[in-house]
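Chain residues, written in single-letter form:
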Amino acid sequence: MTEPQEVEILLVEGNLDDAELTVQVLRRNNLANHIEVVRDGEEALDFLFCKGAFKERSFRPPRLVLLDLKLPKLDGLEVLRQIKGDPRTKAVPVVVMTSSREEKDMVESYRLGVNSYIPKPVDFDQFRETVKQLGLYWLLVNRAPPPSAFLGAETGAP
């Protein structure tokens with residue numbers, strides 16, 4: 001049996017066009033071999049914590065979570081709260097990429113432990129460049145703890 005592929009990026013995006021563009025930019029620039037795309041907050045937590053449709057998945061935190069705030073079923077702030085509140089995922093870098101320009105969303109995101117908050121550019125070319133730079137920084141420049149640092153904390157799910 002082959003080892004499951006490591007998810008480098010978990011993209012939590014409610015807008016199908018933004019999700020497709022983000023994946024396209026990351027792949028075109030060879031920034032991620034495996035990108036998991038989920039469409040709502042509940043699916044994001046199920047994926048991260050191996051529940052629901054992902055209950056057979058082995059727990060392996062992604063190297064990066066790109067998180068929209070405006071999500072169906074469960075909003076991005078609650079997803080962020082649960083990611084940063086669980087010892088298994090607390091150190092996973094989370095970048096909020098959202099259309100929200102509300103100061104309260106930005107302040108709450110940082111209060112909950114987000115690593116970066118980026119309002120989505122409206123311009124197509126600017127959006128592409130922003131995603132490219134995010135991938136370059138978080139996947140190539142930033143140094144994160146090894147996956148084994150997370151595996152010791154596998155007890156206790158949210």
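The rules behind the values
- Residues numbered from 1 in each chain as written.
- Predicted model: local features only at pLDDT ≥ 70, side-chain atom pairs only at ≥ 80, totals over all residues.
- Heavy atoms only, no water.
- Salt bridge = Lys/Arg side-chain N within 4 Å of Asp/Glu carboxyl O.
- Helix = DSSP H or I, 4+ residues; strand = E, 2+ residues; numbered from the N terminus.
- Buried < 20%, exposed > 50% of the residue type's maximum accessible area, 1.4 Å probe, protein only.
- Contact = heavy atoms within 4.5 Å.
- Polar contact = N/O pair within 3.5 Å; in protein donor to acceptor, adjacent residues only side chain to side chain.
- Core = buried A, V, L, I, M, F, W, Y, C linked by side-chain atoms within 4.5 Å.
- Pairing = 2+ DSSP bridges.
- Axes fitted to C-alpha atoms, helices over the stretch in contact; angles between N-to-C directions.

Before going further, it helps to spend a moment on the pattern of salt bridges. In the structure shown here, the tally under the stated rule is twelve salt bridges. The salt bridge partner of Glu-8 is Arg-63, with a shortest N-O separation of 3.8 Å. With a gap of 55 residues between them, Glu-8 in the segment before strand 1 (9-12) and Arg-63 in the loop between helix 2 (41-48) and strand 3 (64-67) connect regions that are remote in the sequence. Residues Lys-120 and Glu-13 are paired through a salt bridge, measuring 2.8 Å at the closest nitrogen-oxygen approach. Taken together, the positions of Lys-120 in the loop between strand 5 (116-119) and helix 5 (124-141) and Glu-13 in the loop between strand 1 and helix 1 (16-28) put the pair 107 residues apart, joining distant regions of the chain. For the pair Lys-120 and Glu-13, a shared accessibility class is recorded, and that class is buried.

So, about the environment of Thr-98. When you line up the elements, Thr-98 lands in strand 4 (residues 94-98). Apart from the residues lying within four places of it in its own chain, the contact partners of Thr-98 are Asp-68, Leu-69, Lys-70, Tyr-117, Ile-118, Pro-119 and Lys-120. A polar contact of 3.4 Å, which involves the side chain of Thr-98, links it to the side chain of Asp-68. A distance of 3.1 Å separates the side chain of Thr-98 from the backbone nitrogen of Ser-100, its partner in a polar contact.

With respect to the helices, strands and loops of the structure, Thr-22 is situated in helix 1. The buried category is assigned to Thr-22, whose relative accessible area is 0%. When near neighbours in sequence (up to four residues on either side) are disregarded, Thr-22 contacts Leu-11, Leu-66, Met-97, Phe-127 and Val-131.

Counting 23 residues, the largest nonpolar core has Leu-10, Val-12, Val-38, Val-65, Leu-67 and Val-94 as its most contacted members. Listed by contribution, the elements that provide at least two residues to this core are strand 1, helix 2, strand 3, helix 3 (76-85) and strand 4. The contacts of Leu-67, once residues within four sequence positions are left out, are Val-12, Gly-76, Val-79, Leu-80, Val-94, Val-95, Val-96 and Met-97. Core analysis: the second largest hydrophobic core is formed by 20 residues, Leu-21, Leu-26, Leu-66 and Ile-118 among them.

Before going further, it helps to spend a moment on the sheet that holds strand 4. Taken in spatial order, the five strands make up an open sheet running 2-1-3-4-5, and their pairing is parallel. The open sheet has two edge strands with one neighbour each: strand 2 (35-38) and strand 5. Neighbouring strand axes in the sheet, compared pairwise and without regard to direction, differ in orientation by 15° on average. Sheet topology places strand 4 next to strand 5; four bridges connect them, and they run parallel. When the sheet's bridge partners are listed, Val-95 is paired in strand 5 with Ser-116.

So, to be careful, I would describe these as geometric facts and stop short of saying anything about function.
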